[in-house]
Amino acid sequence: MVSIDEIIKREVNPFDLINLKPMNFWSEKQDATLTVESIHQEAIIEIEELLDLVATDHRSRTILLVGDSGSGKSYLLGRLQRTLNPKAFFAYILCNWVESSNTWRHILRSTVDSLIQVPEGEQESQLILWLKSLSAFTKSNLKKRIFNDGIWQLLQSDRQKFIKHLKNTYKQTSIYNPDIFFGVLHDLINPELYDSACEWLRGDDLNEESMQALKVTSCIDTEDKAKNILANFGKIATDTQPIILCFENLETLPKLVDGFLDIQPLFDVNTTIHGEGLKNFLVIISVVTNTWKRHSDKIQQSDKAGIYRVIQLKYITLEQAEALWNYQLKPIHQQADSQINSPIFPLNRQVLEQSYPGGKTMPRNALLLGRNEYQKYKISLINSKKAGSPNLATDTSSLKLPTVDPNKITVTIAKKSDGTKPPIIINSTQLTEDNERIQAEFQLLWQREYKKNQEKNSKISLISSTDLIRMLQETLVALQIQGIKLKLLSGKYASYSLSYQQPGKREPIGVVWTEDSNMTSFFNIMNACQKVIQQNLCQSLYLIRIGGVGTAKLAGNQMYSQIFTGTKHIHIKPNLSSVHYLATYQSLMNSALSQELVVAGKTITLQKLQSLIRESEILHKCTLLQDLGIVAKQEADKNNENGNAKQDLRPVKEFLLNLVKTQGFMGVPTLIKEAGSQFPSVKQTDTQHLIDLLCQEKKVKIIDPKAKLQDQLISLVTNR
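Residues numbered from 1 in each chain as written. Predicted model: local features only at pLDDT ≥ 70, side-chain atom pairs only at ≥ 80, totals over all residues. Heavy atoms only, no water.

### Looking at the overall build of the chain
Okay, so step 1: In terms of regular secondary structure, the chain is built from 27 helices and 19 strands.
Okay, so step 2: Buried residues in the chain amount to 53% of all 720 residues.
Okay, so step 3: Across the chain, the fraction of contacts at a sequence separation of at least 24, relative to all contacts at a separation of at least 6, is 72%.
Okay, so step 4: Taken as a whole, the chain presents about 33,000 Å² of accessible surface, with 49% of it coming from carbon and sulfur. (Helix = DSSP H or I, 4+ residues; strand = E, 2+ residues; numbered from the N terminus. Buried < 20%, exposed > 50% of the residue type's maximum accessible area, 1.4 Å probe, protein only. Contact = heavy atoms within 4.5 Å. Areas by Shrake-Rupley, 256 points an atom, 1.4 Å probe, with all protein chains shown as cover.)

### Some details on the sheet that holds strand E13 (residues 540-544)
Okay, so step 1: Strand order in the open sheet made by the five strands is E10-E11-E12-E13-E14, with mixed pairing throughout. What marks the edges here is a single partner per strand, and that holds for strand E10 (485-486) and strand E14 (570-572).
Okay, so step 2: Direction of pairing for strand E11 (residues 497-501) relative to strand E12 (residues 508-513): antiparallel, over a ladder of five bridges. Bridge pairing links Ser499 to Gly510 in E12.
Okay, so step 3: Sheet contacts for helix H21 (residues 555-564): E13 and E14; angle to E13, the most-contacted strand, approximately 135°. (Pairing = 2+ DSSP bridges. Axes fitted to C-alpha atoms, helices over the stretch in contact; angles between N-to-C directions.)

### Observations regarding the nonpolar core
Here is a general trend for soluble globular proteins: nonpolar side chains tend to be buried in one another's company.
Okay, so step 1: Ranked by internal contacts, the top residues of the largest apolar core, which has 70 residues, are Trp130, Leu185, Trp200 and Leu201.
Okay, so step 2: Those residues in contact with Trp130 that sit more than four places away from it in its chain are Phe89, Leu185, Phe233, Ile236, Ala237, Thr240 and Ile243.
Okay, so step 3: If you look at the next biggest cluster of nonpolar residues, it comprises 47 residues, including Ile469, Leu472, Val511 and Val599. (Core = buried A, V, L, I, M, F, W, Y, C linked by side-chain atoms within 4.5 Å.)

### Examining the sheet that holds strand E1 (residues 61-67)
Okay, so step 1: Spatially, the five strands line up as an open sheet ordered E2-E5-E6-E1-E7, and their pairing is parallel. The sheet is open, and its two borders are formed by strand E2 (89-94) and strand E7 (309-312), each paired with just one other strand. Taking each pair of neighbouring strands and ignoring which way they run, the sheet shows an average axis angle of 20°.
Okay, so step 2: With six bridges joining them, E2 and strand E5 (residues 243-248) adopt parallel strand pairing. Looking across to E5, one finds that Ile93 is bridged to Phe247.
Okay, so step 3: Of the strands in this sheet, E1, E2, E5 and strand E6 (281-288) are in contact with helix H3 (residues 73-84), which crosses E6 at around 155°.
Okay, so step 4: Across the sheet, helix H4 (residues 103-115) touches E2 and E5, and the angle it forms with E2 is around 135°.

### Thoughts on the packing of aromatic side chains
Each aromatic ring pair is summarised here by two numbers: the centre-to-centre distance and the angle between the ring planes.
Okay, so step 1: If you walk through the whole model with that rule in mind, you get 17 aromatic pairs.
Okay, so step 2: Relative to Tyr560, the ring of Phe522 lies with its centre 6.3 Å away and its plane at 45°, an arrangement referred to as tilted. You can see Phe522 sitting in helix H20 (residues 519-534) and its partner Tyr560 sitting in helix H21, a full 38 residues away along the chain. Tyr560 shares its class with Phe522; the two are buried.
Okay, so step 3: Taken together through their ring pairs, the aromatic side chains of Trp130, Tyr170, Phe181, Phe182 and Phe233 make up a single cluster. (Phe/Tyr/Trp six-rings, centres within 6.5 Å; stacked < 30°, edge-to-face > 60°.)

### What about the confidence of the model for the chain?
Regions with low pLDDT carry predicted coordinates that are not meant to be interpreted in detail.
Okay, so step 1: Model confidence for the chain is summarised by a mean pLDDT of 88, while 90% of its residues fall at 70 or above.
Okay, so step 2: Throughout residues 387-400 the model reports pLDDT below 50, and contacts reaching past four residues in sequence, or to other chains, amount to 32 contacts.
Okay, so step 3: This stretch, residues 402-421, has a pLDDT under 50; its non-local contacts, to residues over four places away or in other chains, come to 23 contacts. (pLDDT = per-residue confidence, 0-100.)

### Some remarks on the state of the cysteines
Okay, so step 1: A full pass over the atoms with the stated rule returns zero disulfides.
Okay, so step 2: There is no disulfide at Cys529, and the cysteine sulfur nearest it, in Cys538, is 8.7 Å away. (Disulfide = S-S within 2.5 Å.)

### Some remarks on unusual backbone geometry
Okay, so step 1: Note the cis peptide between Phe345 and Pro346, where omega equals 15°.
Okay, so step 2: Mapping Pro346 onto the fold places it in the loop between helix H15 (318-335) and helix H16 (349-355).
Okay, so step 3: Phi at Gln595 takes a positive value of approximately 60°, unusual for a residue other than glycine.
Okay, so step 4: Given the relative accessible area of 33%, Gln595 is considered partly exposed.

### Considerations on the pattern of salt bridges
Okay, so step 1: Counted under the stated rule, the structure contains 35 salt bridges.
Okay, so step 2: The residue Glu48 makes a salt bridge to Lys87 at a minimum N-O spacing of 2.9 Å. Of this pair, Glu48 sits in helix H2 (residues 41-57) while Lys87 sits in the loop between H3 and E2, and the two are 39 residues apart along the sequence.
Okay, so step 3: Lys87 sits in the partly exposed class, given a relative accessible area of 30%.
Okay, so step 4: The partner of Glu353 in a salt bridge is Arg349, with the nearest N and O atoms 3.3 Å apart. Highlighted residues: Glu353 and Arg349, both in helix H16, separated by four residues, approximately one helical turn.
Okay, so step 5: In this structure, a network of salt bridges that share partners links the residues Arg109, Asp113, Arg202 and Asp204. (Salt bridge = Lys/Arg side-chain N within 4 Å of Asp/Glu carboxyl O.)

### Section: the environment of Val717
Okay, so step 1: Among the structural elements, Val717 can be located in the segment after strand E19 (713-716).
Okay, so step 2: Judged by relative accessible area, which is 28%, Val717 ranks as partly exposed.
Okay, so step 3: In the structure, Val717 is positioned 18 residues away from Lys699 in sequence and 5.2 Å away in space, judged by C-alpha atoms.
Okay, so step 4: With residues up to four places along the chain from it excluded, the contact list for Val717 reads Lys698, Lys699, Val700 and Lys701.

### Observations regarding the side chain of Glu223
Okay, so step 1: Position of Glu223 among the secondary structure elements: in helix H11 (residues 223-235).
Okay, so step 2: You can call Glu223 buried: its relative accessible area is 18%.
Okay, so step 3: A polar contact of 3.1 Å, which involves the side chain of Glu223, links it to the backbone nitrogen of Thr103.
Okay, so step 4: When sequence neighbours within four positions are dropped, the list of residues in contact with Glu223 reads Ser100, Ser101, Asn102, Thr103, Trp104 and Arg105. (Polar contact = N/O pair within 3.5 Å; in protein donor to acceptor, adjacent residues only side chain to side chain.)

### What about the environment of Leu554?
Okay, so step 1: Here Leu554 lies in the loop between E13 and H21.
Okay, so step 2: Along the sequence, Leu554 and Met519 sit 35 residues apart, while their C-alpha atoms lie 8.1 Å from each other.

### Observations regarding the packing of H2 against H3
Okay, so step 1: With their axes 11 Å apart at the nearest point, H2 and H3 run at an angle of 50° to one another. Taken together, the axes of H2 and H3 lie oblique to each other. Judged by the sense of rotation from one axis to the other, the crossing of H2 with H3 is right-handed. Between H2 and H3, the residues in contact are Gln41, Ala43, Ile44, Ile47, Glu48 and Leu51 and Leu76, Arg79, Leu80 and Leu84, respectively. (Parallel < 35°, antiparallel > 145°, perpendicular 65-115°, else oblique. Left-handed = near helix turned anticlockwise from the far one by under 90°.)

Written as structure tokens, this is what we have:
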């Protein structure tokens, strides 16, 4: 029989598996089995009632969802998407547009990115489901409108009839560029044109061939065009399911010169949705309570009137906190041969009552408390065994949870009887170990986030050039690079560029990043680069571009050759992994800005995140930053020498060590399993070999090496 204590000793702390940071519900799926239905149930009922109201009268409405950091706003949005997607189409919009002059284009891109997602249980994307639900393709029965397959089949193969049918159906509605818009909607049902049609709707700068195939002459490259295209969705959606626009992370909005967030443009958008009669939108703006209090008076009173309902998330009860613990601990209990009376063992209700005497707390606080108390119990198990079994003897000094904030050390000094003060003694070893543990947990968090970005961003071209240069700029700030200035170029493509001072040098370095495939745009960007060089605005200029540069007969290619062939100016072709590095940092940065990033039980500020980034040197592996001279070139992996393309196992080895650091000790099979989950392509034999190497390097040790593999525990080795 396997006791629950034995399971606790070998398994990962179940509270470490929880994602406490904000999440895009399309890229990070929720586990419905871990949901405590009663938490924020009143808010869900209220939102669903408003959704039903929008579905009935088709009038758009706006909800302001307010809650403290850690109250569960992001989780609530994900829960709404998971439960209400059959009744509505969902769009997730992170409020991190580069500048307020790019608001509508950012919202359109994010909306289309969400609409091309396929909901759970469906075979087609939200965009196709929305298109088929338009009144032009449905007919009424006694209770509801149903899809008219006959009309759809008739028009599917005839683009002009399709356009004419939609123009006749919505002739009373003022549609922006109806021939182009309805034509692109028709292209959505052509498998060969679907991707290009989606890219056009997102606002991508398409190449000439794609534009010709779509029969369009220009892209959505201005705020006015983006606003009108988004408005078209609302104007013809009189009989479709509502579209729910979820705005989150207002803390990532551009800042004004006085340090306040530029929040007004977001509410200008909201006012436009209501003022111009856009139908069937339910807008949910999720905001941290303190952020709203600080900025609400910056919003014009007339725009505040566009908020239909304010919903304040409440604290949870101790019963609900106990239920959260229950769900997290259930997998541990299910593995035990004998059942424990308490479903929250090894935790107990008394800890909640002592920690929260008022009987209320926030979900995040309850989960962090559960994590700490679980780890305390786990440590007590190994300590209690140590005295009675020589084979289990190990150094458990490293297993204590970090209790010292390295940024805030208070030392109380009592005076001697003669009035003098004794020398100050600070346990630097303990501080070092605590910092190492924080770094270990941070690097595990980084690897998980990096993996999500690998899955999310499969092509560099899926990210706009403006967003790419923004990610690079944020990374340079984190690395304390001096002299960073946006908009080195002038004119339309200024937001594609920046300049900075290379470490150890004074002269500015220029960077232009464009992935626009349109060759006319490429020519204009090269022309702007030429002007920068002629004006001597930078010592050298880097062009970052993975896409092609056109044929030799094109003017853009000719100008490119003049600038970047045989000169001091350099063209860098970035790899996808470099973009994953930049995107991962941006994701963590956005969480830190909204006070939602937690590492080792502490809420991490932006400044602390930047410090962790520099200390870990994790961005030194980014080849783009190496090519730009921001960080030193890395030594080539020995496995890849002489054309031997073996997998680089260094990240796996780091993962194994960091996981043991955060857990203190754990089962060897569990460690192997977790590595397999993070790195599916790595063989188990390779993982076992890496564990042996860590043991040989005396970084970890097997507590009972004579035991069978399934019974072995592994712990961290400390230097004291």
